[in-house]
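# Per-entry structural report
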Amino acid sequence: MVNAREELGDSQGPTEDQLQEAFDTIVSEGAQRLHRTWREVLTTGLAGGLEIGFGVVLLFAVYAETGSHLLAGLAFGVGFVALMLARSELFTEGFLVPVTAVVAGRASVAQLGKLWGGTLVANLVGGWLLMWVVVHALPDLRPTAVESATTFVTAPLDLESAALASLAGIAITLMTRMQHGTTSDPAKIVAAFAGGLVLAGLQLFHSILDSLIIFAALHTGAPFGYGDWLAWFWYTTLLNMAGGLLVVTLLRLVRSKDMIQEERAEAGA
């Protein structure tokens, strides 16, 4: 005869076992990432900028050949696959996992700031360097880079732009949640391509991805400058964070309230 514990699962209380396992994985991984040294933060961020840049190269190449943003977005998913397999760091993938670890008492807010700040700068530097190489190695892609970048730098700060940036933060944080909700590598790869399709295929405003597109255009002598990039970048970054933190991450924290309280008690927080 099956007892009540076997029917309910192995977790203590009403929480589903799979959710408990995913939560434990998120807290463990988040704590490890937050306890990195500055050298580790900067090098993983630099690698992340370089790797996501290869997704941008494929985006340019496919769009130049097909004229389809959706196909180009699907090709860009290779960049997310590279990030996942290489265990590198992308700024906008640092919302759900590290924040959960901080709320669970396994790391500090200062460590979160170090991870975010160091990763953001390193992503941009790595991406800037790779885009310089790309436009010199593949000059046929230069017109595509300028065309793609113009979409972002000429966008006014209005409701549409704010919604596109917020949606990008939601989409990439959801992709992160999907990848941490499974132990299947094929499923994680599917999530990576789905994330690329949504972000790049729909031309959402993503602070890192689209900055690399703009950098490529700037390296070719585009009719705009770094000031135009900064005018777009500051609000896009903040709204990416708002979308990722206030929608997906907040919902997961509320859903995991009991587990967070148990984790904080164990950590003595």
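Structural notes, computed from the coordinates. Note that the structure is predicted; figures quoted are calculated from it, not measured.

Conventions used here
Residues numbered from 1 in each chain as written. Predicted model: local features only at pLDDT ≥ 70, side-chain atom pairs only at ≥ 80, totals over all residues. Heavy atoms only, no water. Helix = DSSP H or I, 4+ residues; strand = E, 2+ residues; numbered from the N terminus. Rg over C-alpha atoms; globule rule 2.2 N^0.38 Å. Buried < 20%, exposed > 50% of the residue type's maximum accessible area, 1.4 Å probe, protein only. Contact = heavy atoms within 4.5 Å. Areas by Shrake-Rupley, 256 points an atom, 1.4 Å probe, with all protein chains shown as cover. Lys, Arg positive; Asp, Glu negative; His and termini not counted. Charge placed at Lys NZ, Arg CZ, Asp CG, Glu CD. Patch = residues over 30% accessible without salt bridge, like charges linked within 9 Å, V, L, I, M, F, W, Y side chains within 5 Å. Salt bridge = Lys/Arg side-chain N within 4 Å of Asp/Glu carboxyl O. Phe/Tyr/Trp six-rings, centres within 6.5 Å; stacked < 30°, edge-to-face > 60°. Polar contact = N/O pair within 3.5 Å; in protein donor to acceptor, adjacent residues only side chain to side chain. Core = buried A, V, L, I, M, F, W, Y, C linked by side-chain atoms within 4.5 Å. Expected span 1.5 Å × (residues − 1). Bend = angle between axes of the 7 residues up to and from the residue.

Let us look at the overall build of the protein chain. Assigned secondary structure in the protein chain consists of 12 helices and 0 strands. When the helices and strands of the protein chain are placed in sequence order, the string is α-α-α-α-α-α-α-α-α-α-α-α. Here the C-alpha radius of gyration of the protein chain, 20 Å, is about what a compact globule of 269 residues would show, namely 18 Å. Dimensions of the protein chain, computed from C-alpha atoms along their principal axes, come out at roughly 70 × 40 × 35 Å. Out of the 269 residues in the protein chain, the part that is buried amounts to 51%. In the protein chain, the share of contacts with a sequence separation of at least 24, taken over all contacts with a separation of at least 6, comes to 83%. Accessible surface, the protein chain: about 12,400 Å² in total, of which carbon and sulfur atoms supply 65%. In the protein chain, 14 positive and 24 negative side-chain charges are present, and the distance between their average locations comes to 7 Å.

Here Thr144 is to be found in helix H7 (residues 142-153). Expressed as a C-alpha distance, the spacing of Thr144 and Asp17, which sit 127 residues apart in the sequence, is 48 Å. In this view, Thr144 contacts Phe60, Tyr63 and Ala64; residues no more than four positions away in its chain are not counted.

Residues Leu46, Leu50, Val121, Val125, Trp128, Leu129, Trp132, Val133 and Tyr226 make up a contiguous nonpolar surface patch of roughly 760 Å² in combined accessible area. The set of elements that each furnish at least two residues to the nonpolar patch consists of helix H3 (38-66) and helix H6 (109-137). Considering every element that reaches the nonpolar patch, the biggest residue donor is H6, with 6 residues. Mapped onto the elements of the fold, Val121 is located in helix H6.

Summed over all chains, the structure comprises 5 salt bridges. What emerges from the salt-bridge pattern is a single network uniting Glu29, Arg33, Arg36 and Glu89.

It is worth spelling out the packing of aromatic side chains at this point. The tally for this structure, following the rule as stated, stands at 10 aromatic pairs. Centre to centre, the rings of Trp229 and Phe233 are 4.9 Å apart; their planes meet at 35 degrees, and the pair counts as tilted. You can see Trp229 and its partner Phe233 sitting in helix H11 (residues 226-255), 4 residues apart, about one turn around the helix. Here Trp229 and Phe233 have matching classes, each one buried. Each ring, one from Trp234 and one from Tyr235, has its centre 5.9 Å from the other, and the planes form 80 degrees; the classification is edge-to-face.

Here we take up helix H10 (residues 209-219). Counting buried positions along H10 gives 11 out of 11 residues, so the element sits mostly inside the fold. Residues of H10 that are buried include every one of Leu209, Asp210, Ser211, Leu212, Ile213, Ile214, Phe215, Ala216, Ala217, Leu218 and His219, and no others. After H10 finishes, the residue Gly221 shows a positive phi value of roughly 90 degrees.

Turning next to unusual backbone geometry. With a phi close to 60 degrees, Arg87 is a non-glycine residue in the positive phi region. In this structure, Gln203 is a non-glycine residue whose phi angle is positive, near 55 degrees. If you trace the backbone, Gln203 turns up in the loop between helix H9 (185-201) and H10. A relative accessible area of 22% means that Gln203 is categorised as partly exposed.

With that settled, consider the side chain of Arg36. With respect to the helices and strands, Arg36 occurs in the loop between helix H2 (17-34) and H3. A distance of 2.6 Å separates a polar atom in the side chain of Arg36 from a polar atom in the side chain of Glu89. With residues up to four places along the chain from it excluded, the contact list for Arg36 reads Val41, Thr44, Arg87, Glu89, Lys114 and Leu115.

Of all hydrophobic cores here, the largest spans 69 residues; its most connected members are Phe60, Phe80, Met131 and Ile214. Looking at this core element by element, the count peaks at 9 residues for H6. Not counting chain neighbours up to four residues away, the residues in contact with Met131 comprise Gly53, Val56, Val57, Phe60, Leu212, Phe215, Ala216 and His219.

Within the secondary structure, Asn240 is located in helix H11. At a separation of 2.7 Å, a polar atom in the side chain of Asn240 contacts the main-chain carbonyl oxygen of Ala165. Non-local contacts of Asn240, meaning those with residues more than four positions away in its chain, are made with Thr92, Phe95, Ala165, Ala168, Gly169, Phe205, His206 and Ser207.

Our next topic: H11. An α-helical segment advances 3.6 residues per turn. Residues three or four places apart therefore align on the same side. The end-to-end C-alpha separation of H11 is 41 Å, in line with the 44 Å expected for 30 residues at 1.5 Å each. Of all the bends in H11, the largest measures some 35 degrees and sits at Thr249.

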